[in-house]
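Each chain, written out:
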Amino acid sequence: MVRGPGMALRTPINAPLLLMGLLTTGLAQLPIPVTAPRGFWTLSENLTAVEGTTVELQCGVNAPGSVVQWAKDGLLLGPDPGIPGFPRYHLKGDPARGEFHLHIEACDLSDDAEYECQVSRSEMGPELVSPRVILSILGMVPPKVLQLTPEAGSTVTWVAGQEYVVSCVSGDAKPAPDITFLQSGQTISDVSANVNEGSQEKLFITEATARVIPQSSDNGQLLVCEGSSPALATPIKASITMNVLFPPGPPVIQWPGLEEGHVRAGQSLELPCTARGGNPPATLQWLKNGQPVSTAWGTEHVQAVARSVLTMTVRPEDHGARLSCEAYNSVSTGTQEQSVTLQVTFPPSAITILGSASQTENKNVTLCCIAKSSRPRVLLQWWLGGRQLLPTDETVMDGLHGGHISMSNLTFLVRREDNGLTLTCEAFSEAFTKETFKKSLTLNVKYPAQKLWIEGPPEGQHLRTGTRVRLVCLAIGGNPDPSLTWYKNSRTVTEPRLPQELRRVHLGSTEKSGSTFSRELVLVAGPSDNQAKFSCKAGQLIVSTQLVVQFPPTNLTILANVSALRPGDALNLTCVSISSNPPVNLSWDKEGERLEDVAAPPQSAPFKGSAASRSVFLRVSSRDHDHRVTCRAHSAELRETVSSFYRLNVLYPPEFLGEQKLVVTAVEQGQALLPVLVSANPAPEAFNWTFRGYRLSPAGGPRHRILSGGALQLWNVTRADDGFYQLHCQNSEGTAEALVRLDVHYAPTIRALQDPTEVNVGGSVDIVCTVDANPILPGMFNWERLGEEEEDQSLDDMEKISKGSTGCLRIHHAKLTQAGAYQCIVDNGVAPPARGLVRLVVRFAPQVEHPTPLTKVAAAGDSTSSATLHCRARGVPNIIFTWTKDGVPLDLQDPRYTEHTYHQGGVHSSLLTIANVSAAQDYALFTCTATNPLGSDHTNIQLVSISRPDPPLRFKVVSMTPHSVGLEWKPGFDGGLPQRFHIRYETLETPGFLYVDVLPPQATTFTLTGLKPSTRYRVWLLASNALGDSGLADKGIQLSITTPDCLGLSERYLPPLGPSELPLLPVLFAVGGLLLLSNVSCVGGFLWRRRLKHLAEGISEKTEAGSEEDRVRNEYEESQWTGDRDTRSSMVSMSEVESYYHSTKNFSPRLPPTLEEGPYPQGESLPHQDGPHSTALLTSELGALIILPSTPTLGFTGLEDENMTFSEHLYDEVERMYAPSGAWGPLYDEVQMDPYGLHWHENKYEDPRGIYDQVAEDLDAVGSDSLPFELRGDLV
């Protein structure tokens, strides 16, 4: 055990008792000495205190007025009694008495130090420093960890018997801990230890080192480092696991039989070998005669046993072999071994008979039988058939692997009857009683054949070349089997080796049937077989036959007098037929044309045939190149012709063919192939292309390639590639040139388009469209007018002109309806077509809105109210507005008058605001004049005082049923105050009036219900505001109506039925059907009469308004309609237009935003107020839905209604096919207006079918506003 320095503080008193005593007293202080150092009257000596207690170090000085401070390990704590930075320290005592005691609360190890009381120099005395006072703190800090080397928890591998060093270091502690080492539970005595300072002040660490010599018994055991301290209740431990390596025990071989080492060849031997102990377990290997034969082994780790089994098949050569088993491991000093020597018994591996068993009859045969090495030796015997033959002599010799070789010789006379008998040599031994070893041969006695002949076609028969001829050679008897051999003209016939001759000769093999032998020769007769001699030979016997073959010319050869030909050269050709049987006739032709020839002298012919020859004379040209001159040999007897040709090779310079294309068409950005059709011999050496004087690289370029045949391939063709390409061809005979034009077609591109094109009303103008295109086609120009409606797109009144690359749309007597966007479309067949947008602007004089002869605006003349006068006009170019009051030009510099002007396309507006309206000054007639360079127009607006409302206008019936009537009217001037409407009605048969309030108050249609069928009524309509009502004096507010009586008519026609005349159910069905038919006919008749009436009214209105509409519709914009589509057809004539009123109290026109306010966002229109346009939905008692027409809307006189908007992008340049809304700005844009706020609205009125008079059938099942005006009111 290693002990730390804390033992120096130990006393005989038990440590726990000492600690308890210190804690109870709180402070252990040594007595103060009687004599203090000079200058001090009291001073503490060294103190020992327990951690956590309170300590006081006393210091009394003789000079009370001096500055006194304490120093801790040389660090001055300062004279401040509170001692900043040390919250547990402070000075106690009376400084006047010289008491400067250092009081320390809750001591800890940081307070363990040397302290000095220092007195500064003063008038009272010199500088003083007290002796050092040592304060020792008894604090116990247990070690928290032990650091073991090798690392704790690991497994270390050691070799048994060797010495190793293990170190163990404790963590910071106080006092220093004791360290003990345990090896397999036994304390290690050879330990050295050192105690050093810890990582913190006042703490210690212990370093201990042990020397360990492990043994095999320590394998798998623990080596433990144990640290103990008074501060620990139980010791702390760290350990490592010892893996001790030691060698294994000797190997043991277990022989499977009784006699060790004795085995038989062919036996499967298994020898186990085991070795016990060792770490790691033993490695086993088998050796045979010192050479490894097996390195496979297994290990049983529980019992520490290594096992290896040698498996081998014993062979004769293993006789005397030494088998060894070796055991070792990584810590073995040497190899341990056990061995065994093999004794092998083996039979002869083979029996061999030397000598030939084939011999001619009546001759001796000599043979030798040899038995290869065996252990022990064997005896030999001879057998022929079933009888034993005696050997001539026997011999025994030493053999391989310790065995013996046995030999026996035999000589005997053979006869014909011995042929085919078996001759056997047999070996036997007592060691191999269960086995027999022998070798046998078949005796072959030779004797000759007896007869030979040939079977085939008779001699002298004529055979046609190509005829299949079969010859068979036959023989009888003989041993060995006779060898049959065929000969042709004394040469052996063999199977042909070349594949093309396989069909001509087939030589069969010799076949045997009983004692008869045959061999077949099959051949296809050819010229070489003519009069040839075929023989068959068997031994000394031979037989022959001869063939006669007819054949055409075997070779037809053409001879020429020259090899190189050029145009104009003379050529002499000779045709020679080498051999034929019978003779042939020769003739010449060129490409099917017969030629004149002459005979040549005959020559000798092979194959005993006839030869022939003829010649022809020719003069060649370039057209004869590659033509064939044919010689034909005809045999009339064979009815066969043989031909041979001579191909003319005429050398001539390049010549372009008639099929050569001189013009090639291509599409821009596509590919083009300029073909080359040239004839030349030899072929052209080079094809050179030039374009506009520049030679194209033969190696190709980014956009061209010259193909192997000379053709020029281009890709990504542009219009700059259009032109003539020169081709230069050359060979060794000369050159040729050709021009090929490339015609590049490209899509049209508009080069010039005057946009905008302007014209005055009634004038003429040409919209010219100039393009760049190829090809230029007569009908490639087309024009479209861009508009929403089909009638807006008509070009019937315009003239289309096309000349070359220019197209023109000519307009005569321009009208406002022709203004708008036009599109020039050019399509020459090359995609894409070109499109250009141009705007036609038709200029016209101002046309001011004239809603009434005199527009009224009401305002209170109390000098506090304001009034706004609205003047709107249309015209192109821009309009300038001027205002007059009672004919006198208005001074707009007056701060009471403010004017705002707005321009949007051809629509222009001026708003005049009058502040502080005075009855005396401002109740007057204001005139608004609109002027542009083409003319001017004006309108009058009367500013009046507030008053009772005017009577309503155009009060009429729009629908009627037996129990209700639909009413409609147009509000009159409201007098400047909110107005509402009341209906008074009476029946002519019953006195008294009934009153109904129209709800909601602003409604302009109302359905009066609760009426009786077939009854006459009078109906009045009144308007009222806060100042009174409009009165009943106006005849236009009174209607006389009579309700229809359809049901009454049907009831009168019902026949009375008695209770017994008809069955009840059929009667009810009949009555119901009659009632339904009568009601339908009644309602249908009523609606048909009303439809005719409304159609007449609508046609009249449209006829009056149509001419004006056609005159002033100026569609130089893309017309866009805001609001309901039905407002577009609500055109009225001047005779129907009533006063256009605004009161200043509830009139707030929906103006476009000012420049300060900014425009509305795209896609949103200005707040829209519906005018008095609505549709009454009435429901009759029969359930039919009746749709009534709406009231026309006020607008410009003779122009389209207010809801028509004009696109703001009329006058801008055309940048694309269809520009998005808002993409073009106005031409005359003095003030920016919202593109969707181009119209002014009247006062907004609520839906007349309000919540107070709705019925279920009034819901709008279909969009009635979408119907044409003439058709509204029909049954749906």
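For clarity, every value in this text was computed on a predicted model and none was experimentally measured.

Cut-offs used in this document
- Residues numbered from 1 in each chain as written.
- Predicted model: local features only at pLDDT ≥ 70, side-chain atom pairs only at ≥ 80, totals over all residues.
- Heavy atoms only, no water.
- Helix = DSSP H or I, 4+ residues; strand = E, 2+ residues; numbered from the N terminus.
- Buried < 20%, exposed > 50% of the residue type's maximum accessible area, 1.4 Å probe, protein only.
- Areas by Shrake-Rupley, 256 points an atom, 1.4 Å probe, with all protein chains shown as cover.
- Contact = heavy atoms within 4.5 Å.
- Polar contact = N/O pair within 3.5 Å; in protein donor to acceptor, adjacent residues only side chain to side chain.
- Disulfide = S-S within 2.5 Å.
- Phe/Tyr/Trp six-rings, centres within 6.5 Å; stacked < 30°, edge-to-face > 60°.
- Lys NZ or Arg CZ within 6 Å of the ring centre and 35° of its normal.
- Salt bridge = Lys/Arg side-chain N within 4 Å of Asp/Glu carboxyl O.
- pLDDT = per-residue confidence, 0-100.
- Pairing = 2+ DSSP bridges.
- Axes fitted to C-alpha atoms, helices over the stretch in contact; angles between N-to-C directions.

**Some details on the overall build of the protein chain**
For the protein chain, the count of helices and strands is four helices and 97 strands. Among the 1276 residues that make up the protein chain, the fraction classed as buried is 45%. As displayed, the protein chain offers around 63900 Å² of accessible surface, 52% of which is attributable to carbon and sulfur atoms.

**Overview of the environment of Val 759**
In this structure, Val 759 sits in strand β70 (residues 757-760). Judged by relative accessible area, which is 4%, Val 759 ranks as buried. Along the backbone, Val 759 and Ala 819 are 60 residues apart, and their C-alpha atoms lie at a distance of 9.3 Å. In contact with Val 759, other than residues within four places in its own chain, are Ser 764, Val 765, Ala 814, Leu 840, Val 841, Val 842 and Arg 843.

**Here we look at the side chain of Asp 743**
The topology assignment puts Asp 743 in strand β69 (residues 734-753). Using a relative accessible area of 15% as the deciding quantity, one classes Asp 743 as buried. A distance of 3.3 Å separates the side chain of Asp 743 from the side chain of His 745, its partner in a polar contact. Looking at Asp 743, its side chain comes within polar contact range of the side chain of Asn 774, at 3.0 Å. Setting aside anything within four residues of it in sequence, one finds Asp 743 in contact with Val 664, Thr 665, Ala 666, Asp 722 and Asn 774.

**Comments concerning the state of the cysteines**
Counted by the stated rule, this structure contains eight disulfides. What pairs with Cys 473 in a disulfide is Cys 536, and their sulfur atoms sit 1.8 Å apart. Between Cys 473 and Cys 536 the sulfur-sulfur dihedral comes to about -80 degrees; the bridge is accordingly left-handed. With Cys 473 in strand β43 (residues 468-476) and Cys 536 in strand β49 (residues 533-538), this pair connects stretches of sequence that are 63 residues apart. Here Cys 473 and Cys 536 have matching classes, each one buried. Residue pairing for Cys 769: its cysteine sulfur links by disulfide to Cys 824, the two sulfurs lying 2.4 Å apart. A torsion of -90 degrees about the S-S bond marks the disulfide between Cys 769 and Cys 824 as left-handed. Of this pair, Cys 769 sits in strand β71 (residues 765-774) while Cys 824 sits in strand β75 (residues 820-826), and the two are 55 residues apart along the sequence. Neither Cys 769 nor Cys 824 differs from the other in exposure class; each is buried. Here Cys 368 is not disulfide-linked; the sulfur of Cys 369 is the nearest cysteine sulfur, at 7.3 Å.

**A short note on the environment of Gln 118**
Looking at the secondary structure, you find Gln 118 in strand β9 (residues 113-119). As for Gln 118 and Val 67, which are separated by 51 residues in sequence, their C-alpha atoms are 8.5 Å apart. Setting aside residues no more than four positions away along its own chain, Gln 118 makes contact with Val 67, Val 68, Gln 69, Ala 71, Leu 76, Leu 128 and Val 129. Polar contacts involving the side chain of Gln 118 include one to the side chain of Glu 116, which spans 3.2 Å.

**What to know about the packing of aromatic side chains**
When we look at a pair of aromatic rings, we describe it by the centre distance and by the angle of the planes. Enumeration according to the criterion identifies nine aromatic pairs in this entry. Ring plane angle 20 degrees and centroid distance 5.1 Å describe the contact between Phe 86 and Tyr 89, whose orientation is recorded as stacked. With a centroid separation of 5.5 Å and an interplanar angle of 75 degrees, the aromatic rings of Phe 993 and Trp 1020 are classed as edge-to-face. On the criterion of sequence distance, the pair formed by Phe 993 in the loop between β87 (980-987) and β88 (994-997) and Trp 1020 in strand β90 (residues 1016-1025) is long-range, its members being 27 residues apart. In this structure Phe 993 comes out as partly exposed when scored by relative accessible area, which is 39%. One aromatic cluster is present, built from ring pairs that chain together Phe 955, Trp 969 and Phe 981. Stacked on the ring of Tyr 447, the Lys or Arg Arg 416 has its end atom at 4.2 Å from the ring centre. The ring of Trp 1020 is capped by Arg 984, whose NZ or CZ atom sits 4.3 Å from the centre of that ring.

**Let's talk about the pattern of salt bridges**
Summed over the entire model, instances satisfying the criterion amount to 41 salt bridges. Linking Glu 99 and Arg 97 is a salt bridge whose minimum nitrogen-to-oxygen distance equals 3.5 Å. On the accessibility criterion, Glu 99 (13% relative accessible area) is buried. Taken together, the salt bridges that share partners define one network made up of Lys 72, Arg 88, Asp 108 and Asp 111.

**Section: the environment of Ile 542**
Residue placement: Ile 542 occurs in strand β50 (residues 541-546). Remark: the alpha-carbon pair of Ile 542 and Thr 485, spanning 57 residues in sequence, is separated by 9.2 Å. Ignoring any residue separated from it by four or fewer positions in sequence, one finds Ile 542 in contact with Leu 452, Ser 535, Cys 536 and Lys 537.

**Observations regarding unusual backbone geometry**
Arg 375 connects to Pro 376 through a cis peptide bond whose omega is 5 degrees. Secondary-structure assignment places Pro 376 in the loop between β33 (364-374) and β34 (379-384). At the junction of Leu 999 and Pro 1000, the peptide bond is cis and its omega measures out at -5 degrees in the coordinates. With respect to the element layout, Pro 1000 can be found in the loop between β88 and β89 (1005-1009). Notably, Asn 716 is not glycine yet its phi reads approximately 55 degrees, a positive angle. Inspection of the secondary structure assignment puts Asn 716 in the loop between β67 (712-714) and β68 (723-731). For Ser 863, which is not glycine, the phi torsion reads 65 degrees and is therefore positive. Along the chain, Ser 863 falls in the loop between β77 (855-858) and β78 (867-876). Its relative accessible area of 40% is what places Ser 863 among the partly exposed residues.

**Observations regarding the side chain of Asp 922**
Inspection of the secondary structure puts Asp 922 in helix α2 (residues 919-922). The buried category is assigned to Asp 922, whose relative accessible area is 0%.

**Observations concerning the confidence of the model for the protein chain**
Summary statistics for the protein chain give a mean pLDDT of 78 and a share of 78% for residues scoring 70 or more. Overall, residues 2-34 carries pLDDT values under 50, and its contacts beyond four positions in sequence, including any with other chains, amount to 43 contacts. Confidence drops under pLDDT 50 across residues 1048-1063; counting only partners more than four residues distant or on other chains, this segment forms nine contacts.

**Here's the deal with the pairing of strand β8 (residues 101-104)**
Neither face of β8 is left uncovered, since the one carrying His 101 and His 103 and the one carrying Leu 102 and Ile 104 both have all their residues buried. Two elements, strand β3 (residues 55-57) and β8, share three bridges in a ladder whose sense is antiparallel. Along β8, the bridge assignment pairs Val 55 with Ile 104. Looking at chain direction, strand β7 (residues 89-92) and β8 are connected through four bridges and run antiparallel. Looking at the pairing, His 90 lines up with His 103 of β8.

**Thoughts on the sheet that holds strand β59 (residues 640-647)**
If you walk across this open sheet you meet the four strands as β55-β54-β58-β59, and the pairing is antiparallel. Whereas interior strands pair on both sides, the edge strands pair on one side only; in this sheet they are β55 (593-595) and β59. On average, each strand axis in the sheet is inclined to that of its neighbour by 30 degrees, with strand direction left out of account. When strand β58 (residues 628-635) meets β59, the two strands line up antiparallel, connected through eight bridges. Each residue of the ladder has a partner; that of Thr 630, found in β59, is Phe 645.

**A short note on the sheet that holds strand β38 (residues 422-428)**
The strand order across the open sheet built from four strands is β35-β34-β38-β39, with neighbouring strands paired in antiparallel fashion. Both outer strands of the open sheet, β35 (387-389) and β39 (437-442), are each paired with one neighbouring strand and no more. For this sheet the average axis-to-axis angle between neighbouring strands, irrespective of direction, equals 30 degrees. Pairing of β34 with β35, which is carried by three bridges, proceeds in the antiparallel orientation. Each bridged residue has a counterpart across the sheet, and for Trp 383 the counterpart in β35 is Gln 388.

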